[in-house]
2 protein chains.
Amino acid sequence: MEHLEDATLLHQQGHRLTPQRLQVLQVVTSDARHLTAEEIHAAIVPEQPYVDIATVYRVLQWLQTIGLVAPISIGDGLRRYEYRRRGDHHHHLVCQECCQEIAIPDDVFEELKSKLQNHYGFTVQIEHLAIPGRCATCSSAAASAS
Amino acid sequence: MEHLEDATLLHQQGHRLTPQRLQVLQVVTSDARHLTAEEIHAAIVPEQPYVDIATVYRVLQWLQTIGLVAPISIGDGLRRYEYRRRGDHHHHLVCQECCQEIAIPDDVFEELKSKLQNHYGFTVQIEHLAIPGRCATCSSAAASAS
DNA sequence: CTTCGTGCAAAAGCTTTGCAATGCG
DNA sequence: CGCATTGCAAAGCTTTTGCACGAAG
């Protein structure tokens, strides 16, 4: 129901709300995974078959300019989109085996950030980072298999 | 001259060496930045105008299967390629301002890795990570400007 | 000489854009 | 009712593929 709060806010801000926009917002906020434009479209079609993928792209662009959605890369070469709860910086551990995504808070990186700041004078600016690897389940499965 | 060592090795391993393959290898090993297929092609054309971009893609695929090159993402949505010196795991700090890339060794992440392992049972597998931010030069420039 | 790689051209994704019609506010 | 948004279709990009020729070993 998160998209309804957003919708109310957007409406107050004078944005035009169409069924298509609400639908995309609904999919993006409710699906835990990071979807591609095509996957978002596929999720909408059963509900509203007439929605075109061009519209999905346009709505996604609109959501990006508003800052509600951001394109991310989890290393599979596909452009995926992530819903950005206001001020919620978080990151993901992406299991290469089962494609599960584990959300982790930003503060896990504090140590790394200050290290890079001190050693290289480099100020890290990450709103999102996808770290590939193997989740606990798949790790133990591999261990017992060998 | 790094590509010549690789070439010798590849030759011994029974790979066919063509001017095109050597040229791509040369560009990828000598350019410090991470290039796209198009940029690699553009770098080759002045030398050998007849080389087709389809060949560049094919050579890049070949280099990937051999493990000498890997596709990476630095967050600009473009597919870029990185030369992989054997066993050399390294990462990059990418300045969002000047696009400079600073190479950093893998061990900077050891702390983070063990933290994720302990907290989430997640085994990090990164051969390459691009961390966006601001380099020292651009940081101080911004500071003095404000 | 045989086989594999290349150039060329066409095809195959994915994303964007032009335009007339529709519907939100 | 006016203007932004949509559907449809076509265009743009990047990447891949088919095929006959040419070059490597």
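Given the structure is predicted, the values throughout are model-derived calculations rather than measurements. (Residues numbered from 1 in each chain as written. Chains lettered and ligands numbered in written order. Predicted model: local features only at pLDDT ≥ 70, side-chain atom pairs only at ≥ 80, totals over all residues. Heavy atoms only, no water.)

## Details of the packing of helix α3 (residues 37–44) of chain A against helix α4 (residues 53–66) of chain A
Residue and element names in this part refer to chain A. Between α3 and α4, the shortest axis-to-axis distance is 9 Å and the interhelical angle comes to 115°. Crossing hand, α3 versus α4: right-handed. Residues Ala37, Glu38, Ile40, His41 and Ile44 of α3 pack against Ile53, Val56, Tyr57 and Leu60 of α4. Looking at the contact of α3 with α4 residue by residue, the class counts come to seven nonpolar, one polar and one charged. (Axes fitted to C-alpha atoms, helices over the stretch in contact; angles between N-to-C directions. Helix = DSSP H or I, 4+ residues; strand = E, 2+ residues; numbered from the N terminus. Left-handed = near helix turned anticlockwise from the far one by under 90°. Contact = heavy atoms within 4.5 Å. Nonpolar A, V, L, I, M, F, W, Y, C, P; charged D, E, K, R; others polar.)

## Observations regarding the nonpolar core
Within the largest apolar cluster, 30 residues are counted, with the highest numbers of intra-cluster contacts made by Phe109, Leu112, Leu116 and Ile131 of chain A together with Phe109, Leu112 and Leu116 of chain B. Counting only elements with at least two residues in this core, the list comes to β4 (90–95), β5 (101–105) and α5 (110–120) of chain A together with β4 (90–95), β5 (101–105) and α5 (110–120) of chain B. When residues no more than four places from it in sequence are discounted, the contact partners of leucine 112 of chain B are Val108, Phe109, Leu112 and Ile131 of chain A. (Core = buried A, V, L, I, M, F, W, Y, C linked by side-chain atoms within 4.5 Å. Buried < 20%, exposed > 50% of the residue type's maximum accessible area, 1.4 Å probe, protein only.)

## Quick word on the protein's contact with DNA strand D
Taken together, 20 residues form the shell around DNA strand D, and within it Gln20, Arg21, Thr55 and Arg58 of chain A together with Tyr57 of chain B come nearest. Taking the atoms of DNA strand D that fall within 4 Å of the protein, sugar and phosphate contribute 69% of them. Residue tyrosine 50 of chain A places a main-chain N or O atom 3.5 Å away from a phosphate oxygen belonging to DNA strand D. Mapped by element, the contributors of at least two residues to the surface near DNA strand D are α2 (19–30) and α4 of chain A together with α4 (53–66) of chain B. (Near = heavy atom within 4 Å. Polar contact = N/O pair within 3.5 Å; in protein donor to acceptor, adjacent residues only side chain to side chain.)

## Quick look at the relation of the copies chain A and chain B
By a simple turn and slide, chain A fits onto chain B: the slide is 0.0 Å along the axis, the RMSD is 0.1 Å, and the turn is 180°. On the angle and the small slide along the axis, the relation comes out as a two-fold axis. Comparing interface residues between copies, 100% of those in chain A also lie at the interface in chain B; the contact surface is shared. (Least-squares fit on C-alpha atoms with pLDDT ≥ 70 in both.)

## Concerning the sheet that holds strand β2 (residues 69–72) of chain A
Residues and elements named next belong to chain A. Strand order in the open sheet formed by three strands is β1-β3-β2, with antiparallel pairing between adjacent strands. Looking at the sheet topology across the chains shown, the edges are occupied by β1 (35–36) and β2. Strand direction decides the pairing type here: β2 and strand β3 (residues 80–83), joined by four bridges, are antiparallel. Note on β3: the bridge partner recorded for valine 69 is tyrosine 83. Its contacts with the sheet place α4 against β2 and β3, and it is angled at close to 110° to β2. (Pairing = 2+ DSSP bridges.)

## With respect to the protein's contact with DNA strand C
Near DNA strand C there are 20 residues, and of these Arg16 and Tyr57 of chain A together with Thr18, Gln20 and Thr55 of chain B occur at the shortest range. Counting only the atoms of DNA strand C that lie within 4 Å of the protein, the sugar and phosphate share comes to 74%. Between DNA strand C and glutamine 20 of chain B, the relevant distance is 2.8 Å, taken from a sugar or linking oxygen to a side-chain nitrogen or oxygen of the residue. For the surface near DNA strand C, the elements supplying multiple residues, two or more each, are α4 of chain A together with α2 (19–30) and α4 of chain B. Looking at the surface near DNA strand C, the element that brings in the most residues is α4 of chain A, giving four residues. Of the residues assigned to the surface near DNA strand C, the class counts are seven nonpolar, five polar and eight charged.

## Brief notes about the environment of valine 94 of chain A
For valine 94 of chain A, the location among the structural elements is in strand β4. On the accessibility criterion, valine 94 of chain A (5% relative accessible area) is buried. When the C-alpha atoms of valine 94 of chain A and isoleucine 104 of chain A are compared, they prove to be 11 Å apart, with ten residues separating the residues in sequence. Sequence-distant contacts of valine 94 of chain A, defined by excluding residues within four places in its chain, comprise Ile74, Gln100, Glu101, Ala130, Ile131, Pro132 and Gly133 of chain A together with Phe122 of chain B.

## Some details on the interface of chain A and chain B
Between chain A and chain B, the contact holds 31 residues from the first and 31 residues from the second. For the pairing of chain A and chain B, the buried interface totals around 2600 Å² over both sides, and the portion due to carbon and sulfur atoms is 66%. Of all residues in chain A, the largest losses of buried area upon contact with chain B belong to Tyr120, Phe122 and Gln125 of chain A, amounting jointly to 24% of the total for that side. The salt bridge partner of glutamate 111 of chain B is lysine 115 of chain A, with a shortest N-O separation of 2.6 Å. Summed over the shared surface of chain A and chain B, the number is ten residue pairs in polar contact (both at pLDDT 80 or more). Mapped onto the side of chain A that touches chain B, the elements with two or more residues apiece are β4, β5, α5, β6 (123–124), β7 (130–134) and α6 (136–145) of chain A. (Buried area = accessible area lost by both parts, 1.4 Å probe. Salt bridge = Lys/Arg side-chain N within 4 Å of Asp/Glu carboxyl O.)

## A word on helix α3 (residues 37–44) of chain B
Ala37, Ile40, His41 and Ile44 of chain B are the residues of α3 of chain B that are buried. Taken end-on, α3 of chain B shows its buried residues confined to a sector of 100°, consistent with a single buried face. (Arc of directions from axis to C-beta.)

## Structural notes on the side chain of lysine 113 of chain A
On the secondary structure map, lysine 113 of chain A appears in helix α5. Contact partners of lysine 113 of chain A, with chain neighbours within four places excluded, come to Asp106, Val124 and Ile126 of chain A.

## Digging into the packing of α2 of chain B against α4 of chain B
Residue and element names in this part refer to chain B. Relative to each other, α2 and α4 sit at 70°, their axes nearing to 10 Å. In terms of orientation, α2 and α4 fall into the roughly perpendicular class. From α2, Gln20, Arg21, Val24 and Leu25 reach across to α4, where they touch Thr55, Val59, Leu60, Trp62 and Leu63. Across the contact of α2 with α4, the residue classes tally to six nonpolar, two polar and one charged. (Parallel < 35°, antiparallel > 145°, perpendicular 65-115°, else oblique.)

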